[in-house]
Amino acid sequence: MAMAAKSLAPVLISTVFCCYAFLTPSHASSDDFPQCLSASIPCPLVHAQSSPSFTSVLVSSIRNARFSTPTTVRPLWVITPTNASHVQAAVVCGRRHGVRLRVRSGGHDYEGLSYSSKRPEVFAVVDLSNLRGVRIDKQNSTAWVDSGATLGELYYAVAQASNQLAFPAGLDLDLGENVVVGNVSSYEAGKVWGEYFRDNYKRHALAKNEIDPDDFFRNEQSIPPLGPGKYGAAGTRKMARACGRNILE
Ligand SMILES: Cc1cc2nc3c(=O)[nH]c(=O)nc-3n(C[C@H](O)[C@H](O)[C@H](O)COP(=O)(O)OP(=O)(O)OC[C@H]3O[C@@H](n4cnc5c(N)ncnc54)[C@H](O)[C@@H]3O)c2cc1C
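Computed from a predicted model, the values in this text were never measured in an experiment.

**Brief notes about the overall build of the protein chain**
Phase 1 of the analysis: What the protein chain contains, in helices and strands, is eight helices and eight strands.
Phase 2 of the analysis: In the protein chain, buried positions account for 35% of the 249 residues.
Phase 3 of the analysis: Pairs at least 24 apart in sequence give 58% of the contacts found in the protein chain among residues at least 6 apart.
Phase 4 of the analysis: When the accessible surface of the protein chain is split by element, carbon and sulfur atoms take 59% of a total near 15,400 Å².

**Quick word on the pairing of strand S4 (residues 123-127)**
Phase 1 of the analysis: Counting buried positions along S4 gives five out of five residues, so the element sits mostly inside the fold.
Phase 2 of the analysis: Covered by surrounding structure in S4 are Phe123, Val125 and Asp127 together with Ala124 and Val126, the residues of both alternating faces.
Phase 3 of the analysis: Relative to S4, strand S2 (residues 77-79) is paired through three bridges, and the arrangement is parallel. For isoleucine 79, the partnering residue across the bridge sits in S4 and is valine 126.
Phase 4 of the analysis: Looking at chain direction, strand S3 (residues 100-104) and S4 are connected through five bridges and run parallel.

**Remarks on the site of the ligand**
Phase 1 of the analysis: Close to the ligand lie 16 residues, the nearest being Val103, Ser105, Gly107, His108 and Gly170.
Phase 2 of the analysis: Contacts to the ligand include histidine 108, whose backbone N or O atom sits 2.8 Å from an oxygen atom.
Phase 3 of the analysis: Between the ligand and serine 147, the relevant distance is 2.9 Å, taken from a nitrogen atom to a side-chain nitrogen or oxygen of the residue.
Phase 4 of the analysis: Surface burial for the ligand is 56%, taken as the share of its 960 Å² of free accessible area covered by protein chains.
Phase 5 of the analysis: Classifying every residue of the shell around the ligand gives six nonpolar, seven polar and three charged.

**What about the packing of aromatic side chains?**
Phase 1 of the analysis: Counted according to the given criterion, the structure contains four aromatic pairs.
Phase 2 of the analysis: Relative to phenylalanine 197, the ring of tyrosine 196 has its centre 6.3 Å away and its plane inclined at 90 degrees; by these criteria the two rings are edge-to-face.
Phase 3 of the analysis: Judged by centre distance (5.0 Å) and plane angle (90 degrees), the rings of phenylalanine 216 and phenylalanine 217 are edge-to-face. Considered together, phenylalanine 216 and phenylalanine 217 belong to a single accessibility category, that of exposed residues.
Phase 4 of the analysis: Here the guanidinium or amino end of arginine 102 rests over the ring plane of phenylalanine 123, the centre of that ring lying 5.1 Å away.

**Quick notes on the layout of surface pockets**
Phase 1 of the analysis: Space inside the largest pocket adds up to approximately 840 Å³.
Phase 2 of the analysis: Forming the walls of the largest pocket are 30 residues, and the residues nearest its centre are Arg63, His108, Asp109, Tyr110 and Glu111.
Phase 3 of the analysis: A per-class count over the lining of the largest pocket returns eight nonpolar, 13 polar and nine charged.

**Some words on the confidence of the model for the protein chain**
Phase 1 of the analysis: Across the protein chain, the average pLDDT comes to 83, with 80% of residues at or above 70.
Phase 2 of the analysis: Within the model, the stretch residues 1-28 combines pLDDT values under 50 with 23 contacts to residues more than four positions away or in other chains.

**Observations concerning the side chain of histidine 97**
Phase 1 of the analysis: Here histidine 97 is to be found in helix H4 (residues 84-97).
Phase 2 of the analysis: Given a relative accessible area of 16%, histidine 97 falls into the buried group.
Phase 3 of the analysis: For histidine 97, the contacting residues outside a window of four places in its chain are Ser29, Ser30, Asp32, Phe33 and Cys36.

**So, empty space enclosed by the protein**
Sizing a probe to match a water molecule and rolling it over the atoms shows the empty space that remains.
Phase 1 of the analysis: Applying the stated rule across the entire model yields one cavity of 30 Å³ or more.
Phase 2 of the analysis: What the largest cavity holds in volume is close to 30 Å³.
Phase 3 of the analysis: As for the largest cavity, its lining consists of Leu58, Ile62, Phe67, Ser68, Thr72, Arg74, Tyr115 and Ser116.
Phase 4 of the analysis: Its residues assigned to classes, the lining of the largest cavity shows four nonpolar, three polar and one charged.

**A word on the nonpolar core**
For soluble globular proteins, the rule of thumb is that nonpolar side chains tend to be buried together.
Phase 1 of the analysis: Of all hydrophobic cores here, the largest spans 19 residues; its most connected members are Phe33, Leu37, Ile41, Trp77 and Ile79.
Phase 2 of the analysis: Only helix H2 (33-38), strand S1 (46-48), S2, H4 and S4 provide two or more residues apiece to this core.
Phase 3 of the analysis: If sequence neighbours within four positions are ignored, phenylalanine 33 has contacts with Trp77, Ile79, Ala90, Cys93, Gly94, His97, Val99, Leu101 and Ala124.
Phase 4 of the analysis: By size, the runner-up hydrophobic cluster in this structure holds ten residues, among which are Phe54, Val57, Phe67 and Val73.

Conventions we followed
- Residues numbered from 1 in each chain as written.
- Predicted model: local features only at pLDDT ≥ 70, side-chain atom pairs only at ≥ 80, totals over all residues.
- Heavy atoms only, no water.
- Helix = DSSP H or I, 4+ residues; strand = E, 2+ residues; numbered from the N terminus.
- Buried < 20%, exposed > 50% of the residue type's maximum accessible area, 1.4 Å probe, protein only.
- Contact = heavy atoms within 4.5 Å.
- Areas by Shrake-Rupley, 256 points an atom, 1.4 Å probe, with all protein chains shown as cover.
- Pairing = 2+ DSSP bridges.
- Near = heavy atom within 4 Å.
- Polar contact = N/O pair within 3.5 Å; in protein donor to acceptor, adjacent residues only side chain to side chain.
- Nonpolar A, V, L, I, M, F, W, Y, C, P; charged D, E, K, R; others polar.
- Phe/Tyr/Trp six-rings, centres within 6.5 Å; stacked < 30°, edge-to-face > 60°.
- Lys NZ or Arg CZ within 6 Å of the ring centre and 35° of its normal.
- 1 Å grid on protein atoms, 1.4 Å probe; cavity = no way out; pocket = protein on both sides within 12 Å on 5 of 7 lines; lining within 4 Å.
- Points joined across faces, edges and corners; volume = space filled by probe spheres on them.
- pLDDT = per-residue confidence, 0-100.
- Core = buried A, V, L, I, M, F, W, Y, C linked by side-chain atoms within 4.5 Å.

This is the structure:
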C-alpha cells in the first residue's frame with residue numbers, strides 16, 4: 001500500500017501541475033474547453049490566463065502596443081500547437097464548447113485581429129509560431145511553408161537550397177508605386193498604400209517633410225514628403241497645426 005502511494009505521488013504531482021494550466025475564470029459555455037483540449041494536446045502547450053507562461057506567450061508576437069493595454073480584450077487561453085493534430089483538436093473543442101478561435105501566425109497585421117477582440121468575448125488564440133518549417137522542392141521550384149515561418153526564414157531556406165531561386169515578398173506592388181513629380185514622390189499617389197497608416201498617413205508625410213523634404217530616401221512605396229517646400233520647416237509646422245496635431249508626437 002505504502003509502495004503504491006509512493007509510486008502514485010509523481011503521477012498526482014504532474015496531474016496537479018497539468019491541471020494548473022487549465023484553471024481559468026468561469027464561463028458556463030466554455031468550462032469544458034480545457035478538458036476537451038487535454039485529451040489531445042499536451043498540457044504545456046495550453047496556456048490559460050492563470051498560467052505563469054500566459055503573458056509571455058501572448059505578447060511574444062504582439063508588434064503593436066496599442067493592442068496590448070490593460071483594457072484590451074484578451075484571450076482566455078493561448079494554444080501553441082506543435083503539430084497539425086493539435087490544431088484540429090483546438091478547432092473541434094472550440095466548436096464543441098462555444099470558444100471562438102483566433103489564429104495567429106506572425107501577429108503582424110495592422111489591427112491585432114489574431115490576438116485581441118474589440119468586444120468582450122470568450123476566445124482562444126491558436127498561435128502557430130511552433131509550426132514554422134520551410135521545405136524547398138528545388139526540382140519543381142516550389143516551397144511548402146508553414147504558417148508560423150517568417151519571411152526571413154523563408155528567404156534563408158531558399159538561399160540555402162539554391163542560388164537561382166528566390167521568393168519575392170514583403171511588398172504589394174500591385175497597389176502601385178511612387179509617382180515622382182519634379183523629383184519628389186507624389187502625396188496624392190501615395191495615398192493608395194498610405195491607407196495602411198489610416199489617418200496617420202498625413203502625419204507621416206508631414207514628418208517626412210521635416211526630415212527629408214527632397215525625398216532623397218525613397219523606395220517604391222515610401223512615404224512622400226508633404227509640405228510647401230518653399231516655406232521650409234515653418235510651412236510644415238503650419239500644416240501640422242492645420243492637422244491639429246504635433247506631427248512628431
Ligand atoms: C509595418 C507593416 C508593413 C506591412 N507591409 C506589407 C507588405 O509590404 N505587403 C503585404 O502584403 N502586407 C504587408 N503588411 C500586412 C501584413 O503582411 C498582413 O497583415 C499579414 O496578414 C501579416 O501576417 P501574419 O502572419 O503576421 O498575420 P497575423 O497577424 O498572425 O494574422 C492576420 C489575420 O490572419 C488570420 N490568420 C493568421 N494565420 C492564419 C492561418 N494560418 N489560417 C487562417 N487565418 C490566419 C488571423 O486570425 C488574423 O485575422 C504589413 C504590415 C505591417 C504592420
